[in-house]
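Residue-level listing of the chains:
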Amino acid sequence: MTVNLVHRIVVQRVERLSPGMMRIVFGGEGLDGFVTTGVGDEYFRVFFPTEGQIEPNLPFPTDDGYWDFPEGVDPAPMRTYTVRDWDAAARELTIDFVVHDGGIAAAWALRAQPGDVLGVNTPKALYAAPADIEWQLLIADATGLPAAARLAENAPSGVRTRVVVEVATAEDELSLTTPDGVELHWVHGGNGHGPTRIEEILRASELPTGRGYVWVAGETKATRGVRKHLRHDLKLPATDYKVLGYWTENAEAWRERYESLDEGTHARLMAMWNDDGRSEEEIEDAYDAELEKLGL
C-alpha cells in the first residue's frame with residue numbers, strides 16, 4: 001500500500017496565465033519525500049486555511065493509507081486538484097487554479113503571494129491507457145485543462161493525440177508546447193458561462209481505427225452523457241476510456257438537495273458501491289441512473 005503523506009507547501013511564485021487561471025509554484029522543506037506517479041492526471045487533496053488563519057490545520061497520515069486530524073482540531077477545508085508539474089531537482093510543485101467569483105480555493109489563489117502555506121497529500125493517477133494504443137483523444141473543460149495539457153506534453157511517441165479543450169473565451173487559451181503528432185483545438189463556452197459542449201465534442205469526433213483511449217474531464221452531469229456514449233453507444237471496454245467529473249455546476253444547491261435526502265436513500269446510494277456481484281462500470285450505471293431519478 002502506498003504511504004499517504006501530507007506535505008506542508010509554501011508559495012514561491014504566482015503567475016496569472018489567463019483571466020480564468022492562476023499558476024502557483026510551491027516549494028519548501030515540506031516537499032521532502034513527495035512522490036509523483038509521473039502520470040499527467042494525477043490528483044491530490046489540497047488543504048486550505050480558514051478565514052483568519054495564516055496556514056491550514058494539516059492532518060496526519062493513518063495506517064490505512066488515509067489521514068485524520070488531531071482530536072479537537074477543526075479539519076481544514078479541502079479541495080481536489082491535479083499536479084501541473086513536479087520538478088524533483090528544484091523540489092518545486094506547480095498547481096494551476098481555475099479562478100472565479102466565490103469558492104474557497106479560487107479566493108485563496110487570487111490572493112496568494114510568496115510565503116503563503118497550503119497542504120497536499122500524496123497524488124494518485126487516474127489515466128491508465130493500455131500500452132498498445134495507437135491514438136488517444138483528450139477532451140476537457142477549463143478544470144481539466146491542467147491535466148490535459150500535461151498528458152499532451154507527455155504523449156507517448158508514435159501515438160496520435162488529439163486534444164480538445166473548452167475554455168470560456170479566446171483569452172483563456174494557453175500557449176502549450178506539445179510533441180509532434182499532437183493536435184490541439186480550443187472551443188469557447190461552457191465553464192459556468194453557458195452549457196458545456198464536451199459531450200457534443202465527443203459525439204462529433206471521428207475516432208480513428210486501431211486501439212485507442214479516450215479521456216474526458218469536465219462538469220459532473222455532462223460527463224454522465226459522455227460515459228453513456230462511450231460505454232453504451234460505442235460499446236468501448238472500460239479499459240479504453242476514463243471519464244472524470246471534476247466539478248458540479250451550482251454545487252451548493254446540488255449539495256443541499258443531496259443532503260436533504262432521507263437516511264434510507266443515503267444508505268441505499270452508499271450500499272450500491274458495495275455490490276461485489278457487479279463491475280464498477282455496472283455499479284456506476286446504476287448509481288448515475290438513481291441520481292438522475294432523484295433530480296441530481
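To be clear, the structure that these remarks concern was listed above.
The structure presented is a predicted model; accordingly, all values stated were derived computationally and were not measured.

(A) Spotlight on the sheet that holds strand β3 (residues 43-47). A sheet is described by the order of its strands in space; here 7 strands give the open sequence β6-β3-β9-β1-β2-β8-β7, paired in antiparallel fashion. Single-partner strands in this sheet number two, and they are β6 (78-82) and β7 (85-87). Averaged over all neighbouring strand pairs, the angle between strand axes comes to 35°, with direction disregarded. Here 5 bridges tie strand β1 (residues 6-18) to strand β9 (residues 117-121), and the two strands are oriented antiparallel to one another. Counterpart to Val6 in the pairing with β9 is Asn121.

(B) Quick look at the pairing of strand β13 (residues 212-219). Burial analysis of β13 places 8 of its 8 residues in the buried class, the great majority of the element. Inspection of the sheet shows β13 paired to strand β14 (residues 241-247) by 6 bridges, in the parallel sense. Residue pairing across strands places Val214 opposite Tyr241, the latter belonging to β14. Taken together, β13, helix α4 (residues 220-233) and β14 constitute a β-α-β crossover, and its handedness is right-handed.

(C) Local environment of the nonpolar core. Ranked by size, the top nonpolar core spans 23 residues in total, and within it Phe26, Phe44, Leu93, Ile95, Phe97 and Trp108 carry the most contacts. Of all the elements in the fold, those that place two or more residues in this core are β1, β2 (21-27), β3, β8 (92-98), α1 (104-111) and β9. The next biggest cluster of nonpolar side chains, apart from the first, holds 22 residues, and it includes Met21, Tyr127, Ala149 and Val182.

(D) Layout of the packing of aromatic side chains. Using the criterion set out here, one finds 10 aromatic pairs in the structure. The interplanar angle of 10° and the centroid separation of 4.3 Å between the aromatic rings of Tyr66 and Trp67 together place this pair among those described as stacked. The exposure class assigned to Trp67 is buried, which follows from its relative accessible area of 9%. Both rings, one in Phe97 and one in Trp108, keep their centres 6.0 Å apart while their planes meet at 45°; by these two values the pair is tilted. Linking Phe97 in strand β8 with Trp108 in helix α1, this pair joins segments that are 11 residues apart in sequence. One aromatic cluster in this structure is built from Phe26, Phe48, Tyr81, Phe97 and Trp108.

Rules and cut-offs
Residues numbered from 1 in each chain as written. Predicted model: local features only at pLDDT ≥ 70, side-chain atom pairs only at ≥ 80, totals over all residues. Heavy atoms only, no water. Pairing = 2+ DSSP bridges. Helix = DSSP H or I, 4+ residues; strand = E, 2+ residues; numbered from the N terminus. Axes fitted to C-alpha atoms, helices over the stretch in contact; angles between N-to-C directions. Buried < 20%, exposed > 50% of the residue type's maximum accessible area, 1.4 Å probe, protein only. Right-handed = clockwise from strand over helix to strand, strands pointing away. Core = buried A, V, L, I, M, F, W, Y, C linked by side-chain atoms within 4.5 Å. Phe/Tyr/Trp six-rings, centres within 6.5 Å; stacked < 30°, edge-to-face > 60°.

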